[in-house]
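# Topology and contacts: notes
Chain residues, written in single-letter form:
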Amino acid sequence: FSNIMPLRLITHTYTCNNHPLIQSENVGISKPDPQIFMHACKAATQLPSDCFYVGDNLETDALTAGDAGHTGIWLNRQGLNYKQNDVREISTLDAL
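Here is what the cut-offs are and how they apply
- Residues numbered from 1 in each chain as written.
- Predicted model: local features only at pLDDT ≥ 70, side-chain atom pairs only at ≥ 80, totals over all residues.
- Heavy atoms only, no water.
- pLDDT = per-residue confidence, 0-100.
- Contact = heavy atoms within 4.5 Å.
- Phe/Tyr/Trp six-rings, centres within 6.5 Å; stacked < 30°, edge-to-face > 60°.
- Helix = DSSP H or I, 4+ residues; strand = E, 2+ residues; numbered from the N terminus.
- Buried < 20%, exposed > 50% of the residue type's maximum accessible area, 1.4 Å probe, protein only.

Take the confidence of the model for the chain next. For the chain, mean pLDDT is 78; residues scoring 70 or higher make up 78% of the total. Here residues 9–16 scores under 50 on pLDDT; set against residues more than four positions off or in separate chains, the count is 22 contacts.

Moving on: the packing of aromatic side chains. One pass over the full model with this rule turns up one aromatic pair. On the basis of an interplanar angle of 80 degrees and a centroid distance of 5.1 Å, the ring pair of Phe37 and Tyr53 is categorised as edge-to-face. Of this pair, Phe37 sits in helix α2 (residues 35–44) while Tyr53 sits in strand β5 (residues 51–55), placing them 16 residues apart in sequence. In this pair, the class of Phe37 matches that of Tyr53, namely buried.

Below, the structure written as structure tokens:
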């Protein structure tokens, strides 16, 4: 994933390593609305296909990111047995 820009959607708005961090309360959009991911792409001046989102909730993180054109990555720390063909799955952040 080294050529894909990570987007961080967190509770504070600031910049980290020149990657924008988006506060949903300031934008007025939150997950699972795919528009929050589109807003993050615009802020990062990146195409959705050039971005990925990692989250521990399959539906509101990985699937919603995929709906917005990102690469959705499910952080499945519990090893739940649910296979979704269009979602990449990792068990630790070290796998990135």
